[in-house]
Amino acid sequence: MKRVIIVLIILATTSLAGNAQFFIEGNIGVTYNSDYRYDTSQSNPANFSFDISPQVGYWLNDHIAVGTTVSLRQRILKDIVIDPDNPDQKIEQRFPGWEFAVFGRYKLWGKENFSLLVESSIFIDGSSVKEKNGSNTKKIQSESTFGLSVYPLISYDLTDKFSIITTCSFLSLDLSSHSIKDEDTGTKNRYNHFGFNAQSTVFESLANIQIGFIYNF
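Every chain begins its residue count from 1, and numbering advances along the sequence as written. At least 70 in pLDDT is required for a residue's local features to be given in this predicted model, at least 80 for side-chain atom pairs to be given and counted, and no such filter applies to totals for whole chains, interfaces and linings, which use all residues. To get the side-chain values, take all heavy atoms of the structure and skip hydrogens and water.

## Re the nonpolar core
Note the cut-off: Nine residue types can take part in a nonpolar core, namely buried Ala, Val, Leu, Ile, Met, Phe, Trp, Tyr and Cys, and a core is a set of them joined through side-chain atoms within 4.5 Å. Buried means the residue's accessible area, taken with a 1.4 Å probe over protein chains only, is under 20% of the maximum for its type, while exposed means over 50%, and partly exposed covers the values in between. Contact between two residues is taken to exist if any of their heavy atoms lie within 4.5 Å; hydrogens are not considered.
Membership of the largest hydrophobic core is limited to nine residues, which are Phe23, Trp59, Ala65, Phe103, Leu117, Tyr151, Leu153, Ile165 and Ile214. Contact partners of Tyr151, with chain neighbours within four places excluded, come to Leu117, Val118, Glu119, Ser121, Thr167, Cys168, Leu171 and Ser172.

## Some thoughts on the packing of aromatic side chains
Inclusion rule: Only centres within 6.5 Å qualify two rings of Phe, Tyr or Trp (six-membered ring in Trp) as a pair; their planes then separate them into stacked at under 30 degrees, edge-to-face at over 60, and tilted for everything else.
Using the criterion set out here, one finds five aromatic pairs in the structure. Taking the centre distance of 5.1 Å and the plane angle of 90° together, the rings of Tyr215 and Phe217 count as edge-to-face. Residue classification places Tyr215 among the partly exposed positions, given a relative accessible area of 27%. Three or more aromatic residues link up through ring pairs in this structure, and these residues are Phe162, Tyr215 and Phe217.

## Quick word on the environment of Ser127
Note the cut-off: The way it works is that DSSP assigns letters per residue, a run of H or I at least four long becomes a helix, a run of E at least two long becomes a strand, and they are numbered from the N terminus.
Within the element layout of this structure, Ser127 appears in strand β8 (residues 114-133). Relative accessible area serves as the criterion here: at 23%, Ser127 is assigned to the partly exposed category. Expressed as a C-alpha distance, the spacing of Ser127 and Gln74, which sit 53 residues apart in the sequence, is 9.3 Å. Leaving out residues up to four positions away in the same chain, Ser127 has contacts with Arg73, Pro96, Gly97, Ser142 and Glu143.

## Let's talk about the confidence of the model for the protein
Note the threshold: Residue-level confidence of the predictor is summarised by pLDDT, bounded by 0 at the bottom and 100 at the top.
Per-chain confidence: the protein averages 79 in pLDDT, with 76% of residues scoring 70 or above. When mean pLDDT is taken per element in the protein, strand β7 (residues 97-111) scores highest with 94 and helix α1 (residues 2-19) scores lowest with 41. This stretch, residues 4-19, has a pLDDT under 50; its non-local contacts, to residues over four places away or in other chains, come to five contacts. Throughout residues 199-207 the model reports pLDDT below 50, and contacts reaching past four residues in sequence, or to other chains, amount to five contacts.

## Re the environment of Asp174
So the rule is basically this: Polar contact is the term for a pair of N or O atoms within 3.5 Å; when the atoms are in protein, one must be able to donate a hydrogen and the other to accept it, and sequence-neighboring residues count only if both atoms are side-chain atoms.
Positionally, Asp174 belongs in strand β11 (residues 171-182). In this structure Asp174 comes out as partly exposed when scored by relative accessible area, which is 21%. In the structure, Asp174 is positioned 27 residues away from Gly147 in sequence and 7.3 Å away in space, judged by C-alpha atoms. With near-sequence residues (within four places) excluded, Asp174 lies in contact with Leu148, Ser149, His193, Phe194 and Gly195. Within the structure, Asp174 has its side chain in polar contact with the side chain of His193 (distance 2.8 Å).

See the structure below:
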């Protein structure tokens, strides 16, 4: 009996390994806007943002994959006037952040090079708000979030090794717990969120699409 069990385990492991495949995936985004004015009395500061999200996954079989994601982001607002009567007194605000997630991915449908998938992700992230005035930098707020999200993906195989994948977060389900801390007073606030997101207009939908690249080993 033991031999039979051992043989079955070996056969199952071999079958799983034969269908298994590692892949790496990633998104990179960079945005810059120069200072601009609505009129002579009001202006928006120049801003720069950057984010990178490398991802490593493993296909257990032809339909199921698991993996992890690490994201780093930074947003900078420059030349912010804090006193209208003293326009030369300006500060810079920075919004650094990070996220770590584990995900499961299921292939719903595939035809030729196209595939429709659904991904579920459990994540934790942190961010802060820092003000820089001259050589002095001060943290004024910190935030953290723990949550679960589910959203569809569309992939297209360029070759056997390379694919393009589109994250369609305009149609998503999410559940999260978010906390905010005021660094000056130490006051903490927490709120929970549950939502189903489905944009109805083209412009809203396009704003919530991310395109990344996959390399299959």
